[in-house]
Amino acid sequence: MTHDVTSAAGGAPRAVARSTRTLLTCGIVAGPLYIVVVVLQMLTRDGFDISRHPASMLSNGDQGWIQIANFVVSGLLFVACAIGLRRVLGPAASPGGTWGPRLIGVFGTGMLGAAAFSADPADGFPPGTPVGLPTTMSWHAAVHLLVAGIAFLALVAACFVFARRFVAARRTGWAAFSGVTGAAFLASWSLIFALQGSRPANVAFAVAIGLALAWASLLAAHHRPPVGDSVKPGETTGAQRR
């Protein structure tokens, strides 16, 4: 089973394959890293309740730097993953070879934006914050909502783009996984707006985010070429030449 890898600069195929594996490994790590760091904070930060507070609120308080760093590191890892996916899928890959990696890259960039512009404290977190939603919103919180919305839309779109690609490749399991993940994310996100303040809706959205992050990392693992092997850009997802 052999594949060819070439670079625009004419670099050695093996070196390009190694760097591509490294980029996709970044994507494999990104999702679990973000989830674990958030869960650890949920268990240790006083006053935080995932049924009342979105994870982005963890950026506030004396320990807020942990979540900010989590956004930065995870965002950079997803951007690296997008570059790796672009290399594997190639510019001519169809469908999804162009927009799939781009959307993952937009999501990673959105995480960097969420790190730069923090959400406002609210509803008793951090401790000492008045209970209930704030009556005003700071400019940086408004920017945070904007970049988060763009990032979420990009991730949902990526799920559907890759679902279409997997359908074309007759990878029904992956197609279903991608489509269900995108639909679950979009539905739970809609519930946040429709049922404002609903604790079950908040928890469902948090679970959907975790599912989407897991999907993105598993997607990177699916496309990562084995050690000693390489991929031909533009090749059909999941189908290898033998």
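Source: prediction; values computed, not measured.

Participant: Even after reading the chapter, I still don't get unusual backbone geometry, so can you show me in this structure?
Facilitator: Excluding glycine, residues mostly carry a negative phi; peptide bonds, for their part, are mostly trans. For the peptide bond that leads from phenylalanine 125 to proline 126, omega is -5°, which places it in the cis range. Examined against the element boundaries, proline 126 turns out to sit in the loop between α3 (99-116) and α4 (139-168). Backbone geometry places aspartate 123, a non-glycine residue, at a positive phi of 50°. Mapped onto the secondary structure, aspartate 123 falls in the loop between α3 and α4. When its relative accessible area of 16% is taken as the criterion, aspartate 123 is described as buried. With phi around 60°, arginine 170 is a residue other than glycine that occupies positive phi space. The class of arginine 170 is exposed, set by a relative accessible area of 75%.

Participant: Can you help me understand the layout of surface pockets in this one?
Facilitator: Remark: the empty space left among the atoms is shown by a probe the size of a water molecule rolled over them. Volume-wise, the largest pocket comes out at about 1500 Å³. Forming the boundary of the largest pocket are 48 residues, of which His53, Pro54, Ser56, Ile192 and Phe205 lie nearest the centre. If you list the elements that add at least two residues to the lining of the largest pocket, you get α1 (13-44), α3, α4, α5 (172-194) and α6 (199-223). Looking at which element gives the most residues to the lining of the largest pocket, the answer is α6, with nine residues. A class-by-class count of the residues in the lining of the largest pocket yields 33 nonpolar, eleven polar and four charged.

Participant: What is the right way to look at the packing of α4 against α6 in this model?
Facilitator: When two helices pack together, you describe them by how their axes are tilted relative to each other and by the distance separating the axes. The contact between α4 and α6 brings their axes to 11 Å, and the two run at 45°. When the interaxial angle is binned, α4 and α6 end up oblique. Here α4 and α6 pass one another in a crossing that is left-handed. For the pair α4 and α6, contact is made by Phe152, Leu155, Ala158, Cys159, Phe162 and Phe166 and by Phe205, Ile209, Ala212, Trp215, Leu219, His222 and His223, respectively. Residues of the contact of α4 with α6, tallied by class, amount to eleven nonpolar, two polar and no charged.

Cut-offs and rules
Residues numbered from 1 in each chain as written. Predicted model: local features only at pLDDT ≥ 70, side-chain atom pairs only at ≥ 80, totals over all residues. Heavy atoms only, no water. Helix = DSSP H or I, 4+ residues; strand = E, 2+ residues; numbered from the N terminus. Buried < 20%, exposed > 50% of the residue type's maximum accessible area, 1.4 Å probe, protein only. 1 Å grid on protein atoms, 1.4 Å probe; cavity = no way out; pocket = protein on both sides within 12 Å on 5 of 7 lines; lining within 4 Å. Points joined across faces, edges and corners; volume = space filled by probe spheres on them. Nonpolar A, V, L, I, M, F, W, Y, C, P; charged D, E, K, R; others polar. Axes fitted to C-alpha atoms, helices over the stretch in contact; angles between N-to-C directions. Parallel < 35°, antiparallel > 145°, perpendicular 65-115°, else oblique. Left-handed = near helix turned anticlockwise from the far one by under 90°. Contact = heavy atoms within 4.5 Å.

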